[in-house]
Amino acid sequence: MSATIIDGKAIGARMKEEVAADAAALAEKGWQPKLVSVSVGDTAAAELYVRNQQRSAESAGVEFEARNYPFDTSLEQLTGIIQGLNADPRVNGIIIQRPLPDHIPVKTLQKAVHPLKDVEGMHPASIGNIVYNDLALGPCTAVAAVEILKTLPLDIEGLNVTVIGHSEIVGKPIAFLLMGLGATVTVCHHMTRSVAMHSRAADAVFVAVGKPGLVTGEMLKPGGVVIDIGINRIDTPEGPRTVGDADFDSCSQVAGWITPVPGGVGPVTVAILMKNAVLATEMQMNHYRDSFARVDM
């Protein structure tokens, strides 16, 4: 068996076409979607992400502004900057670029972003909404991974799924999103006694751990789905390579569908970020309308 390779670039491109149409409709109403990226200190590690986000935003009809602040900017100063962006109706989404200096706790900044402008889906309120099956602005990578599964000719209701990795922004949200769709979900982590026992019984396996080659073909159910969310840089005789958490060669001989790395979850994640930007803009438009509309007596 040779797996069908899921084309994340094509899925992301289709999504961005829909986003561009929605963005244009909002712009006609005077609500041009706009994202502001906030970086602190040496931006070399984040520059590629920022450039990719800017290109994607432009292609999706979303304005993009990149702001970089000095390394010694304090948490109090950054919190004030975020609060200013929260209050600015011209700004519809805020992205906190990682890594941040050690003196800036990322969770504190994420909590400072207003939930209506939380396009990354990292605010505790955004994560909490998933538990209640009330998805608004969900964490981009988790939502992207589930959206990929939804493109396949499978009935998610009753599907047996194993999620390997239980981080707060990827593994756990994926599990709750899938349960909301009716799947039966098992979550594995570093204390799970036999990951392979669970993955072999699964119709679909999501893996997001950060360990190259963690999932191998012998750990899979023949004909199942592998959604590989890992991004790892490894050295090979041919030079550095980017690989996922699944051993692509062995897994592709057993699985029915598999996402490549790169070119799988990544492009869909960026598309979800743009979709969140447009959705956030619409939510803010409705909020301002409901809060400040004239009421005739």
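Residues numbered from 1 in each chain as written. Predicted model: local features only at pLDDT ≥ 70, side-chain atom pairs only at ≥ 80, totals over all residues. Heavy atoms only, no water.

A short note on the sheet that holds strand S2 (residues 34–40)
Okay, so step 1: Pairing in this open sheet of three strands is parallel, and the strands run S3-S2-S4 from one edge to the other. Since the sheet does not close on itself, it has two edges, and those belong to strand S3 (63–69) and strand S4 (93–96), each with one partner. Between one strand axis and the next, the sheet turns by 20° as a mean value, whatever way the strands run.
Okay, so step 2: Relative to S2, helix H3 (residues 75–87) is tilted by about 175°, and along the sheet it contacts S2, S3 and S4. (Pairing = 2+ DSSP bridges. Helix = DSSP H or I, 4+ residues; strand = E, 2+ residues; numbered from the N terminus. Axes fitted to C-alpha atoms, helices over the stretch in contact; angles between N-to-C directions. Contact = heavy atoms within 4.5 Å.)

Here's the deal with helix H6 (residues 140–150)
Okay, so step 1: In terms of burial, H6 is largely enclosed, as eight of its eleven residues are buried.
Okay, so step 2: Buried residues of H6: Cys 140, Ala 142, Val 143, Ala 144, Ala 145, Val 146, Ile 148 and Leu 149, and no others.
Okay, so step 3: Buried residues belonging to H6 abut helix H1 (8–28), helix H7 (171–180), strand S7 (204–207), strand S8 (225–228) and helix H10 (265–292). (Buried < 20%, exposed > 50% of the residue type's maximum accessible area, 1.4 Å probe, protein only.)

Digging into the pairing of S7
Okay, so step 1: In S7, alternate side chains face the same way, and those of Ala 204 and Phe 206 on one face and Val 205 and Val 207 on the other are all buried.
Okay, so step 2: Pairing of strand S5 (residues 160–164) with S7, which is carried by four bridges, proceeds in the parallel orientation. Its bridge partner being in S7, Val 163 is matched across the sheet by Phe 206.
Okay, so step 3: Summarising the sheet, S7 and S8 pair through four bridges and their orientation is parallel. Pairing of Val 205 across the sheet is with Val 226, part of S8.

Focus on the packing of H6 against H10
Okay, so step 1: Packing of H6 against H10 leaves a shortest axis separation of 8 Å and a crossing angle of 115°. Considering their axes alone, H6 and H10 lie roughly perpendicular with respect to each other. Here H6 and H10 pass one another in a crossing that is right-handed. Across the interface between the two elements, Cys 140, Thr 141, Val 143, Ala 144, Ala 145, Glu 147 and Ile 148 of H6 pack against Val 265, Val 268, Thr 269, Ile 272, Leu 273 and Asn 276 of H10.
Okay, so step 2: For the contact of H6 with H10, the residue count by class is nine nonpolar, three polar and one charged. (Parallel < 35°, antiparallel > 145°, perpendicular 65-115°, else oblique. Left-handed = near helix turned anticlockwise from the far one by under 90°. Nonpolar A, V, L, I, M, F, W, Y, C, P; charged D, E, K, R; others polar.)

With respect to unusual backbone geometry
Okay, so step 1: Looking along the chain, the bond that leaves Arg 98 and enters Pro 99 is cis, with omega of 0°.
Okay, so step 2: Tracing the sequence through the fold places Pro 99 in the loop between S4 and helix H4 (106–112).
Okay, so step 3: For the peptide bond that leads from Val 261 to Pro 262, omega is 0°, which places it in the cis range.
Okay, so step 4: Even without being glycine, Asn 133 reaches a positive phi, approximately 55°.
Okay, so step 5: If you trace the backbone, Asn 133 turns up in the loop between helix H5 (124–131) and H6.

Concerning the pattern of salt bridges
Okay, so step 1: According to the stated counting rule, one finds seven salt bridges in the structure shown.
Okay, so step 2: Between Lys 150 and Glu 147 there is a salt bridge, and its shortest N-O distance comes to 3.0 Å. Here Lys 150 and its partner Glu 147 are both found in helix H6, three residues apart, which amounts to about one turn of the helix.
Okay, so step 3: Lys 150 gets classed as partly exposed once you look at its relative accessible area, which sits at 42%.
Okay, so step 4: Owing to a relative accessible area of 21%, Glu 147 belongs among the partly exposed residues under this scheme.
Okay, so step 5: Shared partners join several salt bridges into a network, and the residues in it are Lys 34, Glu 65 and Arg 67. (Salt bridge = Lys/Arg side-chain N within 4 Å of Asp/Glu carboxyl O.)

Examining the environment of Gln 253
Okay, so step 1: Its place among the elements puts Gln 253 in the loop between helix H9 (248–251) and strand S11 (257–258).
Okay, so step 2: The partly exposed category is assigned to Gln 253, whose relative accessible area is 47%.

Re the packing of H6 against H7
Okay, so step 1: The interhelical angle for the contact between H6 and H7, taken along N-to-C directions, is 40°, at an axis separation of 9 Å. It follows from the interaxial angle that H6 and H7 lie oblique. For the pair H6 and H7, the crossing hand works out as right-handed. Residues Ala 142, Val 143, Ala 145, Val 146 and Leu 149 of H6 touch H7, and the partners they reach there are Pro 173, Ile 174, Leu 177 and Leu 178.

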